[in-house]
Amino acid sequence: MRITIIGTGYVGLVTGTCLADMGNTVICVDIDREKIDKLSAGSIPMYEPGLETLVISNISKQTLRFTTDLCTALAECELCFIAVGTPQTPNGQTDLNYVLGVASEIGRCMHHSTIVINKSTVPVGTADKVRLHIQTELNRRGVSFGFHVVSNPEFLKEGSAIDDFMHPDRVIVGADDNNAMSIMHDLYAPFMKTRDRFIGMDVRSAEMTKYAANAMLASRISFMNEIANICELTGADVNKVRIGIGSDSRIGYSFIYPGCGYGGSCFPKDIRSLAYTARHYGYTPQMLDAIESVNNSQKHLIARKVVHRFGEDLSGRTFAVWGLAFKPQTDDIREASSITIIKDLIGRGATIRAYDPEAMEETQKLFPEIVYLPNKYDALDDADALILVTEWKEFRSPDFEEILHRLRTAILFDGRNQYKAKWLETLGFEYHQIGVTSSQQ
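Bear in mind the structure is a predicted one, so any value in this text is a computation, not a measurement.

1. With respect to the nonpolar core
Counting 59 residues, the largest nonpolar core has Val-306, Phe-319, Trp-322, Leu-345, Ile-387, Ile-403 and Tyr-419 as its most contacted members. Sorting elements by how many residues they give to this core places helix H13 (residues 301-310) first, with five residues. Ranked by size, the runner-up nonpolar core spans 42 residues in total, among them Ile-3, Val-14, Leu-51 and Val-150.

What follows is the structure, given as structure tokens:
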């Protein structure tokens, strides 16, 4: 199929590249000329395992192209994906200016029947607005072309986006036309050879499904963090509690690991957007509010532990921070727990020495005053404690003797409960984790 992708951010680039890899002819469009030139040369603007290789491969096969000329791209396509940014206002409302601006541009450029697909995460009812904006421009031109607006939310996890797209758990499509639904099924058929995971529904239900899925996952994280905090007060061990409840097949082990809060571009924004939608319709989303409240508090937990141990005034204290990205396998620091922790510590006078395999360049834009080191052990030199924030693989089994040698004092604050407490204590560490009292550790 001939496909146009509008927007070359994370979602647009992954979507376009994976569709091209299945033999479709894909043109990705962006207004940023410098970005398009870099992409055309095979240089991608974010870290995502396997993506750059796939982009270069499909450029060489001429199945993937990049341009700033939307009208030319639309002239050649059967399907047009909208994958532009949806920033958020301070009150949680999703800003649809980019999405609706693109819709208007589509209306100004459209010259044949087209299926327009919302890939951006957008509130329920957005497809109707997109349809209206396209139709308004067609009416202004005095032309009529058959078009359909389809919802096809993305479910990509940063760090495994290529695999998620190539081997999806499900493909959600909302459409109000049987032919459009059939074409979308054909588009995704190559990705579902072993089992059909295509789920068709009405447009509004598809729009809601993305928000509901992320809200459910976020709720599990905040629930487990709340349980962890209660465990710490009562003398229970949340690590054992997690195993106990996860063994129930109705619950399972996914997303019930205690930690220092969730972040990223999806969960925080989607929770707030869904809550805003609920209030817009006159409903008070008590559970959504609680999920966000718990998470916001949890991001301050590690700093509270540090203050409890060292005192409110951290002047003259140095802390090593391992992990800055909101999760492993990405350079994304949007709403990362590390940001809150670092702000809390430097606000009390502390010095930070930080290391992350991928996210230091992005973090340096936000915190130019902290020290960034080329490897994890150099970050430890003369630090009063090590703080583990992001559970990168290279942090799972470090050389603890080297850590002891480098740190000024052998104190470790573990924001992801990665290590075995008793073993660390036999090595001489003072070990602080989440959801376990010192007597239990």
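Following the structure, the description resumes.
2. Observations concerning the packing of helix H5 (residues 97-109) against helix H6 (residues 126-141)
Across the interface, H5 lies against H6 with an axial gap of 7 Å and an inter-helix angle of 35°. Once H5 is placed against H6, the crossing between them reads as right-handed. Note on element contacts: H6 touches H5 through Thr-126, Lys-129, Val-130, His-133, Ile-134, Glu-137, Leu-138 and Arg-141, opposite Val-99, Leu-100, Ala-103, Ser-104, Ile-106, Gly-107, Arg-108 and Cys-109.

3. Describing the state of the cysteines
Applying the stated rule across the entire model yields one disulfide. Here Cys-71 connects covalently by a disulfide to Cys-109, the sulfurs 1.9 Å from one another. When the S-S torsion is -45°, as for the bridge of Cys-71 with Cys-109, the disulfide is left-handed. Placement of the pair is Cys-71 in helix H4 (residues 70-75) and Cys-109 in helix H5, with a sequence separation of 38 residues. Take Cys-109: its relative accessible area is 3%, and that puts it in the buried class. We note that Cys-266 lacks a disulfide partner, and the nearest cysteine sulfur, in Cys-18, lies 16 Å from it.

4. Quick word on empty space enclosed by the protein
With the rule as written, the count across this model stands at four cavities of 30 Å³ or more. Its volume calculated, the largest cavity comes out at about 50 Å³. In terms of lining residues, the largest cavity is bounded by Asn-118, Ser-120, Thr-121, Val-122, Ser-151, Asn-152, Pro-153, Glu-207 and Lys-210.

5. Details of the pattern of salt bridges
Under the defined criterion, the tally for this structure stands at 32 salt bridges. Where Asp-128 meets Arg-204, a salt bridge forms, and the shortest distance between an N and an O atom there is 2.8 Å. Of this pair, Asp-128 sits in helix H6 while Arg-204 sits in helix H9 (residues 203-234); the two residues are 76 residues apart in sequence, bridging distant segments of the chain. Judged by its relative accessible area of 35%, Asp-128 falls in the partly exposed class. A residue is classified by how much of its surface remains accessible, and Arg-204, at 39% relative accessible area, is partly exposed.

6. A few points about the packing of aromatic side chains
Scanning the model with the defined rule gives 13 aromatic pairs in all. Plain terms: the ring middles of Phe-255 and Phe-267 are 6.3 Å apart, the flat faces sit at 45° to each other, and that makes the pair tilted. Of the two residues, Phe-255 is situated in the loop between helix H10 (238-246) and helix H11 (267-280) and Phe-267 in helix H11; the sequence distance between them amounts to twelve residues. Here Phe-255 falls in the partly exposed class, since its relative accessible area comes to 33%. An aromatic cluster is defined as three or more aromatic residues linked by ring pairs; in this entry it consists of Trp-322, Tyr-355, Tyr-377 and Phe-395. The ring of Phe-155 is capped by Arg-170, whose NZ or CZ atom sits 3.8 Å from the centre of that ring. The ring centre of Phe-310 lies 5.0 Å from the NZ or CZ of Arg-309, which sits over that ring.

7. Focus on the pairing of strand E4 (residues 79-82)
Burial along E4 is two-sided: the face carrying Leu-79 and Phe-81 and the face carrying Cys-80 and Ile-82 are both buried. Bridge count for strand E1 (residues 2-6) against E4 is four bridges, and the pairing is parallel. Bridge pairing in E4 places Thr-4 opposite Cys-80. Two elements, E4 and strand E5 (residues 114-118), share four bridges in a ladder whose sense is parallel. Bridge pairing links Ile-82 to Asn-118 in E5. Note on the crossover from E4 through H5 to E5: the handedness is right-handed.

8. Brief notes about the environment of Pro-357
Considering the arrangement of structural elements, one finds Pro-357 in the loop between strand E10 (351-355) and helix H15 (360-366). In this structure the C-alpha to C-alpha distance between Pro-357 and Lys-420, which are 63 residues apart in sequence, comes to 23 Å. Non-local contacts of Pro-357, meaning those with residues more than four positions away in its chain, are made with Trp-392, Glu-394 and Phe-395.

9. Structural notes on unusual backbone geometry
Note: most peptide bonds trans; most residues except glycine with negative phi. For Gln-329, which is not a glycine, the phi torsion comes out positive at approximately 65°. Here Gln-329 lies in the loop between strand E9 (318-322) and helix H14 (337-346). Assessed through its relative accessible area of 29%, Gln-329 is described here as partly exposed. Here the phi dihedral of Glu-335 falls at roughly 55°; this positive angle occurs in a residue that is not glycine. Inspection of the secondary structure assignment puts Glu-335 in the loop between E9 and H14.

10. Some remarks on the sheet that holds E9
Taking strand neighbours across the sheet as the criterion, the six strands line up as E11-E10-E9-E12-E13-E14 in an open arrangement whose pairing is parallel. At either end of the open sheet lies a strand with only one pairing partner, and these are strand E11 (371-372) and strand E14 (430-432). Relative to E11, E10 is paired through two bridges, and the arrangement is parallel. Opposite Arg-353, over in E11, you have Val-371 as the bridge partner. The sheet strands contacting H13 are E9, strand E12 (385-388), strand E13 (411-414) and E14, and the helix crosses E13 at an angle near 155°.

Rules behind the numbers
- Residues numbered from 1 in each chain as written.
- Predicted model: local features only at pLDDT ≥ 70, side-chain atom pairs only at ≥ 80, totals over all residues.
- Heavy atoms only, no water.
- Core = buried A, V, L, I, M, F, W, Y, C linked by side-chain atoms within 4.5 Å.
- Buried < 20%, exposed > 50% of the residue type's maximum accessible area, 1.4 Å probe, protein only.
- Helix = DSSP H or I, 4+ residues; strand = E, 2+ residues; numbered from the N terminus.
- Axes fitted to C-alpha atoms, helices over the stretch in contact; angles between N-to-C directions.
- Left-handed = near helix turned anticlockwise from the far one by under 90°.
- Contact = heavy atoms within 4.5 Å.
- Disulfide = S-S within 2.5 Å.
- 1 Å grid on protein atoms, 1.4 Å probe; cavity = no way out; pocket = protein on both sides within 12 Å on 5 of 7 lines; lining within 4 Å.
- Points joined across faces, edges and corners; volume = space filled by probe spheres on them.
- Salt bridge = Lys/Arg side-chain N within 4 Å of Asp/Glu carboxyl O.
- Phe/Tyr/Trp six-rings, centres within 6.5 Å; stacked < 30°, edge-to-face > 60°.
- Lys NZ or Arg CZ within 6 Å of the ring centre and 35° of its normal.
- Pairing = 2+ DSSP bridges.
- Right-handed = clockwise from strand over helix to strand, strands pointing away.

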